[in-house]
Amino acid sequence: MSALDTPVSKRRTFAIISHPDAGKTTLTEKLLLFGGAIQLAGQVKAKRDRRNTRSDWMGIERERGISVVTSVMTFEYGGHVFNLLDTPGHEDFSEDTYRTLTAVDAAVMVLDGAKGIEARTLKLVEVCRLRDIPIVTFINKMDRDSMDPFDLLDDIEKTLALDTTPMTWPIGRGKSFAGSYDLSRSAIRLRDAEDQTPVNGPEDGRIQALLPPQDYENFVGEVELAAGAAKPFVRQSFLEGHLTPVYWGSALRDMGVKDLIDALGAFAPSPREQKADSRTVEANEERMTGFVFKIQANMDPNHRDRIAFMRVCSGKLTRGMKAKLVRTGKAIGLHTPQFFFAQDRSIADEAFAGDIVGIPNHGTLRIGDTLTEGEDLVFRGVPSFAPEILRRVRVADAMKAKKLKEALQQMAEEGVVQVFQPFDGSQPIVGVVGSLQLDVLKERLDAEYGLEISFETTRFSVCRWVTTTEPGKIDEFARRDSSAMCRDLDGDAVYMATSPYSLKYEEDRWPMLKFTDVKDYQ
Ligand code: GDP
């Protein structure tokens with residue numbers, strides 16, 4: 001037993017993954033309502049809009065109606081502390097999403113009942129599965145015409161190779177959608193504001209009274225079929241990421257969301273152990289550890305602050321404590337750690353494993369940094385992906401080349417773009433996964449550093465990190481064409497190729513070198 005067992009067991013840290021338009025924002029608002037974190041639905045968006053008008057670079061987000069910012073929302077409900085990590089919807093910012101997924105213990109997959117699994121859902125589930133993150137499914141928009149529920153379950157099983165257990169069943173759908181039927185408890189709930197009402201099975205008169213005759217007949221048939229055919233819910237299998245419990249509802253109409261949040265409290269894991277380079281760290285260990293998965297600048301343009309989002313992995317973080325930044329060995333004081341709510345942020349007096357705290361700093365912290373109470377361990381696995389778009393940056397005023405270099409370094413530390421310095425000393429190359437990142441970079445360099453820049457294409461279209469166990473080989477490889485070899489922010493070697501064919505050619509000729517397209521930070 002540890003004094004930390006109770007706070008740790010209460011916590012549920014999760015993200016919502018979905019294809020744009022499936023209803024993530026609407027669901028987020030409704031979840032926050034349960035926690036009393038916001039009084040009125042609609043405020044998540046309203047808050048974003050307000051913030052945007054105050055911040056120049058987020059103008060991009062406003063113009064295109066997309067969310068660039070990953071934020072954290074903490075709320076309490078039913079004896080649990082929920083930390084909901086929001087992720088950007090647009091795929092150009094997918095790196096941000098992948099990093100965020102390193103900081104959660106569970107994910108809610110939201111599907112549009114009319115569409116089933118869509119491209120982005122598939123991609124995000126793949127990332128969750130790489131990390132064995134358990135997934136709870138919420139099938140939304142059941143108040144509209146939707147696919148047959150069995151086809152939806154089948155779609156999940158086949159497309160994602162994930163077992164499903166329907167935990168509830170929709171009572172009617174489309175215009176007749178009336179609520180959810182709890183398959184194991186034999187109880188119904190019509191609206192989220194209500195408790196469940198026990199019924200005598202699917203043929204109960206109260207259900208019959210809710211539906212037109214044909215829909216009622218279908219419902220009874222489906223529930224019988226589901227009860228006979230569905231796989232039993234095995235929590236272990238869910239925790240290992242092999243099985244997803246499925247809930248149905250309409251976030252817009254306040255239906256099925258309570259089933260979902262109750263499920264997260266009941267089944268989703270409390271903060272899990274985290275693998276570090278030297279050992280595995282348990283959530284209830286006494287000494288504080290954590291890692292930075294996200295940096296955000298300019299949350300409040302009036303203060304020009306830079307916030308590092310850290311997931312606490314163990315121990316207790318207390319306000320004012322000193323922590324060791326393992327990368328540099330230096331101690332930093334955590335004087336004003338912050339918690340985030342939908343409306344606000346506040347000073348955190350203490351935080352436990354699973355919590356996300358914001359640490360204001362002026363560039364000391366980077367993505368992937370580990371903080372401890374002294375131990376030299378490093379959490380690995382905040383990934384960096386080989387960018388697909390590679391550009392040279394030109395600054396209009398040549399006198400500002402040095403300032404540009406500094407600014408790019410900062411942007412790279414924040415994970416806005418990746419920056420590669422060619423061995424031959426030529427202009428740095430920036431790499432991004434999605435082109436909107438370039439727009440963000442351009443706007444931010446202008447707004448925050450007064451740098452007017454333009455992008456130039458390069459002859460490169462592919463890049464790979466290069467590693468080897470044979471000393472000297474990378475230098476030998478680099479000597480052939482030093483303009484095609486770069487160092488990244490950490491000083492690791494990166495090879496730039498003009499095409500996948502030339503990459504393949506070099507891979508065949510240099511078998512002692514390993515060319516990889518993903519790298520853990522640090
Ligand atoms: P996001 O892109 O995943 O964040 O999706 P939003 O929450 O912004 O929802 C996209 C659109 O679907 C909006 O117009 C919502 O009002 C609508 N919507 C969300 N949930 C539901 C639902 O349960 N039923 C219906 N009919 N519409 C919904």
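Residues numbered from 1 in each chain as written. Predicted model: local features only at pLDDT ≥ 70, side-chain atom pairs only at ≥ 80, totals over all residues. Heavy atoms only, no water.

Q: Before we go on, may I ask you to explain the packing of helix α2 (residues 24-34) against helix α11 (residues 257-267) in this structure?
A: For any two helices packed against each other, one specifies the crossing angle of their axes together with the interaxial distance. With their axes 10 Å apart at the nearest point, α2 and α11 run at an angle of 70° to one another. Judged on the interaxial angle alone, α11 and α2 are roughly perpendicular. The crossing of α2 and α11 is right-handed. Of the residues in α11, those in contact with Leu27, Lys30, Leu31 and Phe34 of α2 are Val257, Lys258, Leu260 and Ile261. A class-by-class count of the residues in the contact of α2 with α11 yields six nonpolar, no polar and two charged. (Axes fitted to C-alpha atoms, helices over the stretch in contact; angles between N-to-C directions. Helix = DSSP H or I, 4+ residues; strand = E, 2+ residues; numbered from the N terminus. Parallel < 35°, antiparallel > 145°, perpendicular 65-115°, else oblique. Left-handed = near helix turned anticlockwise from the far one by under 90°. Contact = heavy atoms within 4.5 Å. Nonpolar A, V, L, I, M, F, W, Y, C, P; charged D, E, K, R; others polar.)

Q: Any chance you could explain the pairing of strand β2 (residues 72-77) here in plain terms?
A: The side chains of a regular strand alternate, residue by residue, between the two faces of the sheet. β2 sits mainly inside the fold: five of its six residues count as buried. As defined by bridge partners, β2 adjoins strand β3 (residues 80-85) across six bridges and the pair is classed as antiparallel. Within the sheet, the bridge partner assigned to Met73 lies in β3 and is Leu84. (Buried < 20%, exposed > 50% of the residue type's maximum accessible area, 1.4 Å probe, protein only. Pairing = 2+ DSSP bridges.)

Q: Looking at this model, I keep getting lost on the side chain of Arg11. Mind explaining?
A: Structurally, the position occupied by Arg11 is in strand β1 (residues 11-18). A polar side-chain atom of Arg11 sits 2.9 Å from the main-chain carbonyl oxygen of Pro7. (Polar contact = N/O pair within 3.5 Å; in protein donor to acceptor, adjacent residues only side chain to side chain.)

Q: Teacher, can you tell me more about the sheet that holds strand β27 (residues 429-432) here?
A: Backbone-to-backbone hydrogen bonds pair the strands of a sheet. The strands run either parallel or antiparallel. Read from one edge to the other, the open sheet built from eight strands follows the order β28-β25-β27-β26-β30-β31-β29-β32, with strand pairing classed as antiparallel. Sheet topology places β28 (453-457) and β32 (514-516) at the edges, where each strand pairs with a single neighbour. When the angles between neighbouring strand axes are averaged without regard to direction, this sheet yields 40°. Both strand β26 (residues 418-422) and β27 contribute to a ladder of three bridges, which runs antiparallel. Pairing of Gln418 across the sheet is with Gly431, part of β27. Strand contacts of helix α15 (residues 500-509): β29 (462-467), β31 (493-497) and β32, with the helix running at about 125° to β31, the strand carrying the most contacts.

Q: Mind showing me how you'd approach the confidence of the model for the protein chain here?
A: Detailed reading of the predicted coordinates is not advisable wherever pLDDT falls low. Counting all residues, the mean pLDDT for the protein chain is 88, and 90% of those residues have values of 70 or more. A low-confidence stretch, residues 38-70 (pLDDT under 50), is modelled with 76 contacts involving residues beyond four sequence positions or located in other chains. Here the complex is predicted with pTM 0.86, and the ipTM for its interfaces comes to 0.99. (pLDDT = per-residue confidence, 0-100.)

Q: I would appreciate a short explanation of the state of the cysteines in the present structure.
A: When the sulfur atoms of two cysteines share a covalent bond, that bond is a disulfide. The full count for this structure, using the stated rule, is zero disulfides. This cysteine, Cys128, is not joined by any disulfide, and Cys313 carries the nearest cysteine sulfur, 17 Å off. Free cysteine: Cys486, not disulfide-bonded; nearest cysteine sulfur from Cys463 at 8.3 Å. (Disulfide = S-S within 2.5 Å.)

Q: Even after reading the chapter, I still don't get helix α6 (residues 119-130), so can you show me in this structure?
A: The α-helix winds at 3.6 residues per turn, so residues separated by three or four positions along the chain end up facing the same way. Compared with the 16 Å implied by 1.5 Å per residue over 12 residues, the 17 Å span of α6 between its first and last C-alpha is a close match. Where α6 is concerned, the buried positions are Arg120, Thr121, Leu124, Val125, Val127 and Cys128. In a view along the axis of α6, the buried residues occupy a sector of 155°, so they form one face of it. Along α6, exposed side chains directed more than 90 degrees from the buried face belong to Ala119 and Leu130. (Expected span 1.5 Å × (residues − 1). Arc of directions from axis to C-beta.)

Q: Mind showing me how you'd approach the sheet that holds strand β10 (residues 197-198) here?
A: Across the sheet, which stays open at both edges, the four strands sit in the order β7-β8-β9-β10 with antiparallel pairing between neighbours. Each of the sheet's edge strands pairs with one partner strand only, and the pair in question is β7 (168-171) and β10. As judged from the four bridges shared by β7 and strand β8 (residues 179-182), these two strands associate in the antiparallel manner. Across the sheet, Pro170 pairs through a bridge with Ser180, a residue of β8. Where helix α9 (residues 213-229) meets the sheet, it contacts β7 and β8, and its direction lies at approximately 170° from that of β7.

Q: Please clarify how the side chain of Thr164 should be interpreted in this entry.
A: For Thr164, the location among the structural elements is in strand β6 (residues 163-166). For Thr164, a relative accessible area of 4% translates into the label buried. Here the side chain of Thr164 touches Glu157 through a polar contact of 2.7 Å, side chain to side chain. When neighbours within four sequence positions are excluded, Thr164 is seen to be in contact with Leu153, Ile156, Glu157, Lys231, Thr244 and Val246.

Q: What is the right way to look at the environment of Ala106 in this model?
A: Relative to the helices and strands, Ala106 resides in strand β4 (residues 106-112). Once residues lying within four places of it in the same chain are set aside, the contact partners of Ala106 are Thr13, Phe14, Ala15, Ile133, Pro134, Ala268 and Pro269.

Q: Please clarify how the layout of surface pockets should be interpreted in this entry.
A: Once rolled over the atoms, a probe with the size of a water molecule shows which space is left empty. By volume, the second largest pocket amounts to about 600 Å³. If you go around the second largest pocket, you meet 27 residues; those closest to its centre are Tyr98, Lys123, Val127, Phe385 and Val518. Those elements that place two or more of their residues in the lining of the second largest pocket are α5 (94-101), α6, β24 (383-385), β29 and β33 (518-520). The dominant element in the lining of the second largest pocket, judged by the number of residues it contributes, is α6, at six residues. (1 Å grid on protein atoms, 1.4 Å probe; cavity = no way out; pocket = protein on both sides within 12 Å on 5 of 7 lines; lining within 4 Å. Points joined across faces, edges and corners; volume = space filled by probe spheres on them.)

Q: In this structure, what is going on with the packing of helix α12 (residues 401-413) against helix α13 (residues 436-449)? I would like to understand it.
A: Orientation of α12 relative to α13, taken along the N-to-C sense of each, is 120°, at an axis distance of 11 Å. Relative to α13, the element α12 is oriented oblique. For the element pair α12 and α13, the recorded crossing hand is right-handed. Contacts from Lys403, Leu404, Ala407, Leu408, Gln410 and Met411 of α12 reach α13 at Leu441, Arg444, Leu445, Glu448 and Tyr449.

Q: Any chance you could explain the site of the ligand here in plain terms?
A: Not every one of the 15 residues close to the ligand is listed here, only the nearest: Asp21, Lys24, Thr25, Thr26 and Asp143. Separating an oxygen atom of the ligand from a backbone N or O atom of Asp21 is a distance of 2.7 Å. In the environment of the ligand, an oxygen atom lies 3.0 Å from a nitrogen or oxygen atom belonging to the side chain of Asn140. Burial of the ligand by the surrounding chains reaches 77%, relative to a free accessible area of 580 Å². The residue inventory of the shell around the ligand, partitioned by class, reads four nonpolar, five polar and six charged. (Near = heavy atom within 4 Å. Areas by Shrake-Rupley, 256 points an atom, 1.4 Å probe, with all protein chains shown as cover.)

Q: Honestly, the pattern of salt bridges in this entry has me stumped. Any pointers?
A: Side-chain pairs of opposite charge can arise where the charged atoms are in close proximity. Using the criterion set out here, one finds 40 salt bridges in the structure. Its salt-bridge partner being Asp254, residue Lys30 comes within 3.1 Å of it at the nearest N-O pair. Of the two residues, Lys30 is situated in helix α2 and Asp254 in the loop between β11 (243-248) and α11; the sequence distance between them amounts to 224 residues. Exposure remark for Lys30: the relative accessible area of 8% places this residue in the buried category. (Salt bridge = Lys/Arg side-chain N within 4 Å of Asp/Glu carboxyl O.)

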